[in-house]
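Summary of the model geometry
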Amino acid sequence: ACGNCIDEEGAVEGGASSICVQDCIGEWGGDSELDECGVCDGDGSSCGEEITDGCDLPDMSLSILADGSVLYNTSEPIGGFQFAIDGATVISAGGGAAEDAGFTISTSSTTVLAFSLTGSTIPAGCGDLVLVDLDGEPTGLSGIVVSDSAGGALPFSYVGPPAPSITDGCDLPD
């Protein structure tokens, strides 16, 4: 219950003790509702898709899942990459397309670096780039550098998960 219902003339509807609820557009006693995407009177078409694998990403982008899987989608072959993992400590990294391509994979507590000493590349496509063992849950990737086989920069960007919908005040942080 958010407050008293007041009609257009300023009178309290149902007496002074009447309490009602505002709808999502702020109308007391109104019937507008949030859709499953958190849009008032929406049709449910604006929800961000959950990212579950690299093929869910736009071209030339990376993302990281809570389990440390770094996902990629590229229309260009990858000759090497480097990025920092935000919000967690890197313990080790391996697997994924980087290991399949024979890349040398190195880590520090914050950074993953991978490249080929033989000139091999990760072919255009999508999937798991590398699997990172982490202490903590990652909040993102930063300092992203992805190169082609000649060492030229490829224009990669980070794609985070869709923001959670806020459906009422209970969804807000304390």
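Figured I'd write up the structure that's included with this text. Everything numeric in this text was worked out from a predicted model, so none of it was measured.

Things to note about the state of the cysteines
The full count for this structure, using the stated rule, is 1 disulfide. The residue that forms a disulfide with Cys 55 is Cys 126, at a sulfur-sulfur distance of 1.8 Å. Where Cys 55 bonds to Cys 126 through sulfur, the torsion about that S-S bond is close to 65 degrees, and the disulfide is right-handed. Taken together, the residues Cys 55 in the segment before β1 (61-64) and Cys 126 in strand β7 (residues 125-135) connect sequence positions 71 residues apart. On the basis of relative accessible area, Cys 55 is assigned to the partly exposed category, the value being 45%.

Some details on the pairing of β1
The alternating pattern of β1 places Ser 61 and Ser 63 and Leu 62 and Ile 64 on opposite faces, both of which are buried. Across 4 bridges, the pairing between β1 and strand β2 (residues 69-74) is antiparallel. Looking at the pairing, Leu 62 lines up with Tyr 72 of β2. Counting the residues in the hairpin turn of β1 and β2 gives 4 residues, including Gly 68, whose phi is positive at 95 degrees. The pairing of β1 with strand β10 (residues 157-158) spans 2 bridges and is classified as parallel. Within the sheet, the bridge partner assigned to Ser 61 lies in β10 and is Ser 157.

The rules behind the values
- Residues numbered from 1 in each chain as written.
- Predicted model: local features only at pLDDT ≥ 70, side-chain atom pairs only at ≥ 80, totals over all residues.
- Heavy atoms only, no water.
- Disulfide = S-S within 2.5 Å.
- Helix = DSSP H or I, 4+ residues; strand = E, 2+ residues; numbered from the N terminus.
- Buried < 20%, exposed > 50% of the residue type's maximum accessible area, 1.4 Å probe, protein only.
- Pairing = 2+ DSSP bridges.

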